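# Fold and contact review
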Amino acid sequence: MNFKIFKILLPFIIQFKKYLIILSVTFLFEVIAAFIVIVSIAPLVEYTLDSSLSNPSFLTKIILEYLLIIDFEPSFWTFVSIFIAGNFLKASLDIITRFICLKIKANLFISMSYKNLNAIFKSNWLFFGRSDPGKLMNVFQKEHSNIAETVSQLAQQTSYFFQLIIYFSIPLWIDFYLTIIAIGIAIIFMLPFLLLHRFSYSLGDKNTKTSNIMIGTLHELFQSIRLIISHNKQNISVNEYIKTVKMHAKASVNSQLFVGGTGIFFQPFTMLAALIAIGVSNTLNADLPETAAVLWGLMRAMPILSKILQSNLNITHLIPSITHINKIVLKAKQTESKSGIKKIDSIKKSILFSDVSFLYKKKKFNLKNINLNIEANKFTALAGVSGSGKSTIIDLVLGLQEPQKGTLLVDNIPYGNIDLNNFREKIGYIPQDSPLFNLSIRENLVWFQKNITELEMIEACETANAMEFIQTLPNGFDTIVGNRGTNLSGGQRQRITFARALLRKPALLILDEATNSLDTKSENLIYKALEKLHGKMTVILVSHKLQSLKCADIIYVLNNGEIVQKGNFNSLIKNENEKFYNMINNQL
């Protein structure tokens, strides 16, 4: 593994100092275990050939001296016991090492998921508008796992390096010449394999890209499931997805075969290197017990050398995952929302737009010199055709976007000075398609705020006109609503969403096209609920259905990013030559 790759992985490694210390201690015991296993081979072979041990080798003398200290008689079973005990110790240490590597992998996955999701949630709406949801899903489903696996393999590779040093050092101590021959031949065989890193990186990069495409396509299919089935395009959609699956499967097979196959293909060369060295040893009439110990050490070392090569290529193969995630996190940080420290507990005066202009960088649409005053405890409505700027104004109020020109004030405090996260805690936001989670009605209601009492829940549902249908359900508040609330009607979902927003006791309630997809009865129930809040809460209404804005204290009419009219419903409807009147007529 080259220095560049190590530099990329270093920030992930240093997070686990505790585990690295444990690994270091484990490696020390590895030295003891390897020494016992290799050295105990010599007396075992020698005792088999000569049970009297009349002319013991220096390795056998070492073992005999230790047996004398602990008052043990040398025998075949004594030597076998030492050899087996050493192997059991080695196996136990391998399990400990593997456990530590798995802990590093799991903890790193948790750490990255937490850190990177937080970074993404701190970015403004521009980041999400430019990001592919499929790629973001792939990051959290697969790429984080790949990086965790890479660092885990690096820890495992460190263990391999220590084992390799041990299994080469002891044979070098026993027979320097023989071991040097084996190492030299192994290095010669290994050199061509070390040139494969660039190809491994290329395969890993292709594997990551095809995975992004596959997950992105699947995400789009599930998002468009109603449209697909309604137009009988199931077969076409499945075939399009299968194309991406085949692309990824091909890339995945090629990359995994290359990484796995390289290590397997290198193993015969490592065995050949050891055997060549033994052959040379035989021509030199080397001592048989010592040669057996060296052979055992080399036979244990050579497969580890193969694992290091395979692990090294696999780390290179997974580096594109780190590159991909770093790019996403960097983009998120570049679009991080700016936030002040001033906390807003309530809206006492107003939210004021003063000469606000906004430009979407990839679109021609602008908000131009917007001046509007959202007064406290009044209903303010935004009216206009699609693309007129209503949703952009809501994004600015929520702090999801920042204007290029002009100022936004809450009670005369600039948005830049406000703690936006704190302010959002005081907002109840209900979009057109507000999702419910696949939980019970009760769990959905308390999702934003856990310390809700049963009485508060009932009061909110009564205000939202939701108790009427909840009481008819067999399990009441404990009824499971299904994925995105599919077990309920559209009107029922919106009333649950409305009640959930009210439970936050918001200083500001925003209904962003919240009733546009509802039938007349469901819509009337929502607006009856709103009437109960008149004069008690600051409310912003956005709706294409202009007749539903009669309850508003003031309506701002937008056209092409500009405010072209303002007034209450009755005053605006009288101006027959103006925009609002024309829009009303078009809806009749």
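Each chain has its residues counted from 1, running along the sequence as written. Confidence filtering applies because this is a predicted model: local features only for residues at pLDDT of at least 70, side-chain atom pairs given and counted only at 80 or more, and all residues used for totals across whole chains, interfaces and linings. Remark: hydrogens and water are excluded; side-chain values derive from all non-hydrogen atoms of the structure.

### Describing the overall build of the protein chain
Under the convention used in this document: Only DSSP runs of H or I covering at least 4 residues are called helices, and only runs of E covering at least 2 are called strands; the numbering of each starts at the N terminus. The contact definition used throughout considers only heavy atoms, calling two residues in contact when any of these lie within 4.5 Å. The accessible surface values rely on the Shrake-Rupley method and a 1.4 Å probe; as for residues, cover is taken only from the protein chains in view.
Summing up its helical and strand segments, the protein chain has 20 helices and 10 strands in all. For the protein chain, the share of sequence-separated contacts (at least 6 apart) that also reach a separation of at least 24 residues comes to 78%. Approximately 30,100 Å² of the protein chain is accessible, and the part contributed by carbon and sulfur atoms is 60%.

### Comments concerning the packing of aromatic side chains
Basically, it comes down to this: Only rings of Phe, Tyr and Trp enter the pairing, Trp through its six-membered ring, and a pair is recorded when the two centres are within 6.5 Å. The plane angle decides the type: under 30 degrees is stacked, over 60 is edge-to-face, the rest tilted.
Considering all chains together, one arrives at three aromatic pairs under this definition. Between F437 and W447, the ring centres sit 4.5 Å apart and the planes meet at 25°, which makes this aromatic pair stacked. With a gap of 10 residues between them, F437 in the loop between β6 (427-430) and α14 (441-445) and W447 in the loop between α14 and α15 (454-463) connect regions that are remote in the sequence.

### Some remarks on the pairing of strand β8 (residues 538-542)
Here is the rule: Partly exposed describes any residue whose relative accessible area lies between the buried limit of under 20% and the exposed limit of over 50%, with all areas from a 1.4 Å probe on protein chains only and scaled to the type maximum. Note: two strands are recorded as paired if DSSP finds a minimum of 2 bridges between them.
Among the five residues of β8, five are classified as buried, and the element is accordingly described as predominantly covered. In β8, alternate side chains face the same way, and those of T538, I540 and V542 on one face and V539 and L541 on the other are all buried. Direction of pairing for strand β3 (residues 379-383) relative to β8: parallel, over a ladder of four bridges. Looking across to β8, one finds that F379 is bridged to V539.

### Here we look at the pairing of strand β1 (residues 350-359)
Note on strand geometry: in a regular strand, side chains alternate between the two faces of the sheet. As judged from the seven bridges shared by β1 and strand β2 (residues 366-375), these two strands associate in the antiparallel manner. By the bridge assignment for β2, S350 is matched with E375. Two strands pair when backbone bridges link them, and β1 and strand β4 (residues 405-410) are joined in this way by five bridges, in the antiparallel orientation. For S354, the partnering residue across the bridge sits in β4 and is T407.

### Some remarks on the nonpolar core
For clarity, the threshold we go by: Here, the term nonpolar core denotes a set of buried Ala, Val, Leu, Ile, Met, Phe, Trp, Tyr and Cys residues that are joined through side-chain atoms within 4.5 Å.
Grouped together as the largest cluster of nonpolar side chains are 48 residues, with contacts concentrated most on F498, L509, L530, L541, I555 and F580. Residue contributions to this core peak at five residues, all from helix α17 (residues 490-502). Among all residues touching L541, those that are not within four sequence positions of it are F379, T380, A381, L382, L511, Y527, L530, L549 and C551. Within the second largest apolar cluster, 41 residues are counted, among which are L44, Y47, F79 and L309.

### A few points about the sheet that holds strand β7 (residues 508-512)
Stated precisely, the cut-off is as follows: Orientation is described by axes fitted as lines to C-alpha atoms, over the contacting stretch for helices, and by angles from 0 to 180 degrees between their N-to-C directions.
Here six strands make up an open sheet; going across it, the order is β6-β7-β8-β3-β9-β10 and the pairing mixed. One side of each edge strand has no neighbouring strand; the edge strands of this open sheet are β6 and β10 (562-567). Here the strands of the sheet are splayed against their neighbours by 15° on average, with no regard to which way each runs. Both β7 and β8 contribute to a ladder of five bridges, which runs parallel. From the neighbouring strand, I510 faces β8, where its bridge partner is I540. Sheet strands touched by helix α12 (residues 390-398): β3, β6, β7, β8 and β9 (554-559). Its angle to β7, the strand with the most contacts, is close to 155°.

### Examining the packing of α17 against helix α18 (residues 520-531)
Counted only if it meets this: Any angle from 65 to 115 degrees is called roughly perpendicular, while one under 35 is roughly parallel, one over 145 is roughly antiparallel, and all others are oblique. Should the near helix be turned anticlockwise from the far one by less than a right angle, the crossing is left-handed, and should it be turned clockwise, the crossing is right-handed.
Relative to each other, α17 and α18 sit at 15°, their axes nearing to 9 Å. The angle between α17 and α18 falls in the class roughly parallel. Note on packing geometry: the crossing formed by α17 with α18 is right-handed. In this structure, α17 uses G491, Q494, R495 and F498 to contact α18, whose residues at the interface are S522, L525, I526, A529 and L530.

### So, α15
One turn of the α-helix equals 3.6 residues, which is why residues spaced by three or four share an orientation. So the rule is basically this: For this quantity, the arc is that covered by the directions from the helix axis to the C-beta atoms.
Those residues of α15 not exposed but buried are M457, A460 and C461. Each buried residue of α15 lies within a common arc of 95° when the element is viewed along its axis, so the set occupies one face. Buried residues belonging to α15 abut α14, α16 (467-470) and α17. Looking one or two residues past α15, N465 carries a phi angle of roughly 55°, positive in sign.

### Here we look at the packing of helix α2 (residues 17-49) against helix α3 (residues 58-69)
Put simply, the test is: Gly falls in the polar group here, along with every residue not listed as nonpolar (Ala, Val, Leu, Ile, Met, Phe, Trp, Tyr, Cys, Pro) or charged (Asp, Glu, Lys, Arg).
One way to put it is that α2 packs onto α3 with a least axis distance of 8 Å and a crossing angle of 100°. It follows from the interaxial angle that α2 and α3 lie roughly perpendicular. Side by side, α2 and α3 meet where V39, A42, P43 and E46 of the first sit next to L59, T60 and I63 of the second. Split into classes, the residues belonging to the contact of α2 with α3 amount to five nonpolar, one polar and one charged.

### Thoughts on the side chain of D395
Here D395 lies in helix α12. Overall, the relative accessible area of 11% leaves D395 in the buried class. Apart from residues no more than four positions distant in its own chain, D395 is found in contact with W125, Y360, L400 and Q401.

### Examining the pattern of salt bridges
In a structure, side chains of opposite charge can pair up when their charged atoms sit close to one another. What counts, and what does not: Only one rule defines a salt bridge in this text: a Lys or Arg side-chain nitrogen within 4 Å of an Asp or Glu carboxyl oxygen.
With the rule as written, the count across this model stands at eight salt bridges. Between D478 and R442 there is a salt bridge; the shortest N-O distance is 3.0 Å. Remark: R442 occurs in helix α14 and D478 occurs in the loop between α16 and α17; sequence separation between them is 36 residues. Looking at R442, the relative accessible area reads 24%, which means it is partly exposed. One salt bridge in this structure joins K505 and E456, with 3.2 Å as the shortest N-O distance.

### Let's talk about the sheet that holds β2
One open sheet accounts for four strands, arranged β2-β1-β4-β5; its pairing is antiparallel. Either end of the sheet is taken by a strand with one partner, and the two such strands are β2 and β5 (413-414). Across the sheet, α12 is in contact with β1, β2 and β4; its angle to β1 comes to roughly 120°.

### A word on unusual backbone geometry
One non-glycine residue with positive phi stands out, namely D355, at about 50°. Considering the arrangement of structural elements, one finds D355 in strand β1. In this model, N412 sits at a positive phi of 70°, which is unusual for a non-glycine residue. Mapped onto the secondary structure, N412 falls in the loop between β4 and β5.

Geometry only, nothing functional implied.
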